[in-house]
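Take a look at the letters that make up each chain.
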Amino acid sequence: VSERSAVRAGAEVLVASNRGPVSYAVGEDGALGAKRGGGGLVSGLSAIGPDTNAVWVCAALGDGDREAVRRTGGTLAPEDTGGQRVRMLDIPSQVHADAYNGIANSVLWFVHHMLYQTPLEPVFDAGFRQQWGAYETYNRAFARALADEAAEGAAVLVQDYHLALVPGMLRALRPDVRIAHFSHTPWAPPDYFRMLPDEVARQLLEGMLGADQLGFLTHRWADAFTACCAEVTGGTGGTRIGAYGLGADADFLLERSRRADVEERLATLREQIGTGPDGTARKTIVRVDRTELSKNIVRGLLAYRQLLAEEPSWRERVVHIAFAYPSRQDLAVYREYTAAVGRLSEEINSEYGTDTWRPVVLHVKDDFARSLAAYRLADVALVNPIRDGMNLVAKEIPVVSEQGCALVLSREAGAHEELGGHALTVNPYDVSGTARALHEALSMDAGERGERTARLAAAATALPPAQWFLKQLRALRG
Ligand code: G6P
């Protein structure tokens, strides 16, 4: 990481998000190594840097990031970040933990994905109020940094539920700038949203309504937000609200998935999958997710087990490739979920596996090249979230799959709004229905599968990330 300053005062375009495009780790030699950040938001925004010369304001997320901030003052040049101008904020770690783990991931994420169920219901007590104070502090740190960095009349694009208060705070500091906020999650309907304490619900909505423009991944989430405002703030004021359906980046995916590291992983995966009794390669059901409660990985495995039980002809002839990459492991409920995924995979393997056939191939170490290799091999893609803002995996697999794949897709994924017509739709809670859809997907003839894949890929790439971003930027600048 170079010491010199790369961010000139007065950027014309700024992006703000909790997780930035890179994270750092200190190597054994003391040097800082950079790694691309993960998750839907980062994948969507990574393409914007070179075209817009945007400054990306984000939080330092670990010791390596904090060390990078210490060495540079927080200003990182494109050559240190893989192409992006970055300003990294070193927010005190307890404030960050309370805001990120406490409020953003344990409360706001659960509300928007409607994940609370007994005994996981929320308790908004003194501890919550203390964490809410940290969430405000954390948002204020972003608002101040943005106010500091922005040129007169700049466009500022704030991302996600971590930073819902930033638009209002920034508006107060810098009335001259244009502000957009984008939600990468679903939005909860009013009855569910109003579980939040009244003053918190109001502050969140008013904070966001401080923006000139609010973006959502689908019309469904935009409408839910508007409905919440109608009940809590009495309307959306002068803020424009729109849906921008983030698409997959076909050029990037196709080029990246043909590189040597992917070929190498492809060979290993092919060995793990093996051949069926008739000597041909086994069919694959592929899923790739963060290990995330909303992704519904456990019910996906239950559906696969039911398929093997009810359709014995698939035994020895199919392999479920499940990549479930650990996420948010500071939270006990995520650690427990990760363990449950591992246990159930083992159960299925010991129940049905043979000397020559491993029914579930579970990998938990995040490896983008291996994910792409699995995309290439997919006969069936399983995307069955309980609720999901978009789900880019549903859009990426049809683009990359080599022989065409059938997509089993939850009607509760944002991607269903665009892809539903060409996928096999499932109710994510209905394990039997999902098992039937898997059977239908595996049985689909090559002609139909090819046609559907072509239509899926076209719909999935309608608004690739760079255009998705520029469309919002143009709308913001009016
Ligand atoms: C969701 C959020 C994104 C985030 C991703 C990963 O998709 O909407 O903002 O990038 O989860 O979550 P994390 O907590 O690891 O940043």
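Looking up the protein chain in an unreviewed UniProt entry gives the name Trehalose-6-phosphate synthase, with the organism given as Streptomyces sirii. Under the Sequence similarities (unreviewed entry) heading, UniProt states for the protein chain: "Belongs to the glycosyltransferase 20 family."

Asker: Quick question: what am I supposed to make of the overall build of the protein chain here?
Answerer: What the protein chain contains, in helices and strands, is 20 helices and 16 strands. The C-alpha radius of gyration computed for the protein chain amounts to 23 Å, which stays within 12% of the reference 23 Å derived for 478 residues, consistent with globular compactness. With the principal axes as the frame, the protein chain shows a C-alpha extent of 70 × 50 × 40 Å. Per-residue burial for the protein chain yields a buried fraction of 51% across its 478 residues. Here the contacts in the protein chain between residues at least 6 apart in sequence split such that 78% fall between residues at least 24 apart.

Asker: It is not clear to me how the packing of helix α5 (residues 93-112) against helix α6 (residues 126-149) should be interpreted in this structure. Could you clarify?
Answerer: Two numbers describe a pair of packed helices, the interaxial angle and the distance between the axes. It is the contact of α5 with α6, at a shortest axis distance of 8 Å, that shows an interaxial angle of 110°. Accordingly, the angle class assigned to the pair α5 and α6 is roughly perpendicular. Once α5 is placed against α6, the crossing between them reads as left-handed. Contacts from Val 95, His 96, Asp 98, Ala 99, Gly 102 and Ile 103 in α5 reach Gln 131, Trp 132, Ala 134, Tyr 135, Thr 137 and Tyr 138 in α6.

Asker: I tried to follow unusual backbone geometry on my own but got confused; where do I start?
Answerer: For Asp 160, which is not glycine, the phi torsion reads 80° and is therefore positive. Residue position: Asp 160 is located in the loop between β7 (150-159) and α7 (166-173). By the C-beta count within 10 Å, which is 23 here, Asp 160 ends up buried. Positive phi is not limited to glycine here, since Asn 296 has a value of about 70°. Relative to the assigned elements, Asn 296 resides in the loop between β11 (283-290) and α13 (297-310). Look at Asn 296 and you get buried, because 28 C-beta atoms sit within 10 Å.

Asker: Mind showing me how you'd approach the sheet that holds strand β12 (residues 318-325) here?
Answerer: What links the strands of a sheet is backbone hydrogen bonding, and the strands pair in either a parallel or an antiparallel sense. Strand order in the open sheet formed by six strands is β13-β12-β11-β14-β15-β16, with parallel pairing between adjacent strands. Two strands bound the open sheet, and with one partner strand each, they are β13 (360-363) and β16 (424-426). Across the sheet, the mean angle separating the axes of adjacent strands is 20° when strand polarity is ignored. Helix-sheet contacts for helix α14 (residues 332-352) involve β12 and β13, and the interaxial angle to β13 is about 155°.

Asker: Looking at this structure, how should I read the sheet that holds strand β8 (residues 178-182)?
Answerer: Spatial strand order, β5-β6-β4-β1-β7-β8-β9-β10: eight strands in an open sheet with mixed pairing. Both outer strands of the open sheet, β5 (75-76) and β10 (240-243), are each paired with one neighbouring strand and no more. Here strand β1 (residues 11-16) runs beside β7; their pairing, made up of five bridges, is parallel. The residue of β7 that forms the bridge with Leu 14 is Val 156.

Asker: It is not clear to me how the environment of Ile 321 should be interpreted in this structure. Could you clarify?
Answerer: As for its position among the elements, Ile 321 is in strand β12. Between the C-alpha atom of Ile 321 and that of Ala 381, which follows or precedes it by 60 residues, the distance is 9.6 Å. Those residues in contact with Ile 321, other than ones at most four positions away along the chain, are Thr 284, Val 286, Val 361 and Ala 374.

Conventions and cut-offs
Residues numbered from 1 in each chain as written. Predicted model: local features only at pLDDT ≥ 70, side-chain atom pairs only at ≥ 80, totals over all residues. UniProt positions renumbered as here; feature names shortened; annotations may be inferred. Helix = DSSP H or I, 4+ residues; strand = E, 2+ residues; numbered from the N terminus. Rg over C-alpha atoms; globule rule 2.2 N^0.38 Å. Buried ≥ 20, exposed ≤ 12 C-beta atoms within 10 Å, placed from the backbone. Contact = placed C-beta atoms within 7 Å. Axes fitted to C-alpha atoms, helices over the stretch in contact; angles between N-to-C directions. Parallel < 35°, antiparallel > 145°, perpendicular 65-115°, else oblique. Left-handed = near helix turned anticlockwise from the far one by under 90°. Pairing = 2+ DSSP bridges.

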